[in-house]
Amino acid sequence: MLCTQPYIGCRARPNSQVCLAPKQGVIKVYNEDNTSRAVEVPSDITAQDVCQLFVLKNHCIDDHCWTLFEHLSHLGIERTIEDHESVLEVLSGWGMDTDSRLYFRKNYAKYEFFKKPLDFFPDHMVSISSETNGTVMNHSELIQTFLNSSTCPEIHGHLHAKEQGRKSWKKFYFVLRRSGLYFSNKGTSKEPRHLQFISEFSDSDVYTLLSARKNHGAPTDYGFCVKSTKCGSARDLKLLCADDEQNRTCWVTAMRLFKYGMQLYQNFIQPHQKQKASPMRSISENSLVAMDFSGQKSRVIENPSEALSVALEEGLLWRRKSCHRLSSHGSPSTSQNTMSNIALHMAQPWFHSKLSRDEAHRLITQQGLIDGVFLLRDSQSNPKTFVLSLCHTQRIKHFQILPVDDEGDLFYSLDDGHTRFTDLIQLVEFYQLNRGVLPCKLKHHCARITL
């Protein structure tokens, strides 16, 4: 059971007087596989601090994408807890008899809108205006417009809304402004007399709906809601539903920006500022150069492209030697090569073995629908093949990786044998550098850890 109330701890040392410890609390954090870990934390700990704690405890690579989620199972909703938010303050709003959890996982899309605003804000949904006069804005200035409190960006479009006290959903034209969320009771009119106030965000948070069709009877699975921090019952939720993922992402991202503004930007740049202030690499590492020892005399490789090519070639040579050592006991065979290939890729963080298609879809969605998020898994329909699941344009696509037998040697291919790879690691590394037959390069792998 998760302890949501801070307490005064008491510690004693041998042969000493009892002393009071600082005000602290206990939180339990879950992973995707529902493993959990309880830790004692100070009362002022933030979500970013908790993520840093679990990154260190689990020896994860800190790429600033680890995120803490608030998951409210009894309401069927969840949200990203912003890095600056107080975790114990979030927990204090939970009811004691509710199934509420904290989840620790990747979220590659958390700050992606600062890098690629065009992917998050479609032109037909965004304008900049006063509360009455609208004019089309320049997207290059979009983020600055959201962060500048003196300007009034506007998100507008149709959404399905669940009618209060009923099971039915109805489509309305909605307008999101700095002052709050409104819907029009007369078509697409934005006149003040036609706009009905729904909610503002100073004391509300935006959540995504889990299984919107099944749990809430929504017309699509792209549901989200506005929940007051003071209310915890299902009837108090403002339930909304978009027609596609891009529209939902636009509304949810804009609501986060309206609520937190410049604080989100500070959360985004803070890790990069720390890296510049205290670089991880030492002076000796920064002075390393690529060398070529293949000739009679050694030389410095000054061309970056040549240095990368040599590094890749040496890496592949090492892998071929490793495979040869694994299969050198007796005469080489396809089965031995297969076993060596399995030994190579099974330990990779991007490989998820027996994951089903639906589970892969859910995992990628949870970790951020941005271009290049991927994982590899066993094929459920053909046990001898593998599947690459990849996100592109907020859609998840699945590509079958076929084994190719060439005179007893086993290779893997995504394009019917035209491009062949000795193992899955080589395949992943190639498509991280080259798009090839894929819609985009492989960029972010879905990671799972056990807490």
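The text that follows walks through the structure, step by step, so that each part is easy to find.

Cut-off values and rules
Residues numbered from 1 in each chain as written. Predicted model: local features only at pLDDT ≥ 70, side-chain atom pairs only at ≥ 80, totals over all residues. Heavy atoms only, no water. Buried < 20%, exposed > 50% of the residue type's maximum accessible area, 1.4 Å probe, protein only. Helix = DSSP H or I, 4+ residues; strand = E, 2+ residues; numbered from the N terminus. Pairing = 2+ DSSP bridges. Core = buried A, V, L, I, M, F, W, Y, C linked by side-chain atoms within 4.5 Å. Contact = heavy atoms within 4.5 Å. 1 Å grid on protein atoms, 1.4 Å probe; cavity = no way out; pocket = protein on both sides within 12 Å on 5 of 7 lines; lining within 4 Å. Points joined across faces, edges and corners; volume = space filled by probe spheres on them. Nonpolar A, V, L, I, M, F, W, Y, C, P; charged D, E, K, R; others polar.

Brief notes about the pairing of strand β21 (residues 409–413)
Then, number 1: With four of its five residues buried, β21 lies for the most part within the structure.
Then, number 2: Both strand β20 (residues 395–406) and β21 contribute to a ladder of five bridges, which runs antiparallel. For L402, the partnering residue across the bridge sits in β21 and is S413.
Then, number 3: As consecutive antiparallel partners, β20 and β21 are separated by two residues, and within that stretch E407 has a phi angle of approximately 55°, a positive value.

Some thoughts on the nonpolar core
Then, number 1: Residues F113, F114, F121, I155, L176, W251 and M255 are the most contacted members of the largest nonpolar core, which totals 49 residues.
Then, number 2: A per-element tally of this core places helix α7 (residues 245–260) first, with eight residues.
Then, number 3: Not counting residues within four places of it along the chain, the set of residues in contact with F114 comprises I143, L147, L257, L264, Y265 and F268.
Then, number 4: In terms of nonpolar packing, the next biggest core, distinct from the first, is built from 35 residues, C51, V55, L68 and F104 among them.

Remarks on the layout of surface pockets
Then, number 1: In this model, the second largest pocket occupies a volume close to 460 Å³.
Then, number 2: Taken together, 22 residues line the second largest pocket, and the ones lying closest to its centre are K162, E163, Q164, L237 and L239.
Then, number 3: Of all the secondary-structure elements, those providing two or more residues to the lining of the second largest pocket are β9 (153–162), β10 (169–177), β12 (195–199), α6 (212–216) and β15 (238–241).
Then, number 4: By residue class, the composition of the lining of the second largest pocket is eleven nonpolar, five polar and six charged.

Things to note about unusual backbone geometry
Then, number 1: One non-glycine residue, E407, lies in positive phi territory at about 55°.
Then, number 2: In this structure, E407 sits in the loop between β20 and β21.

Topic: the pairing of strand β5 (residues 77–81)
Then, number 1: Among the five residues that make up β5, five are buried, leaving the element largely enclosed by the rest of the structure.
Then, number 2: Of the pairings in the sheet, the one linking strand β4 (residues 66–72) to β5 comprises five bridges and is antiparallel in character. What sits directly across from E70, in β5, is R79.
Then, number 3: In textbook terms, the turn of a hairpin is the stretch between consecutive antiparallel strands, and for β4 and β5 this stretch comprises four residues, one of which, G76, has a positive phi near 70°.
Then, number 4: Of the strand pairs in this sheet, β5 and strand β13 (residues 204–209) are connected by two bridges, and their pairing is antiparallel.

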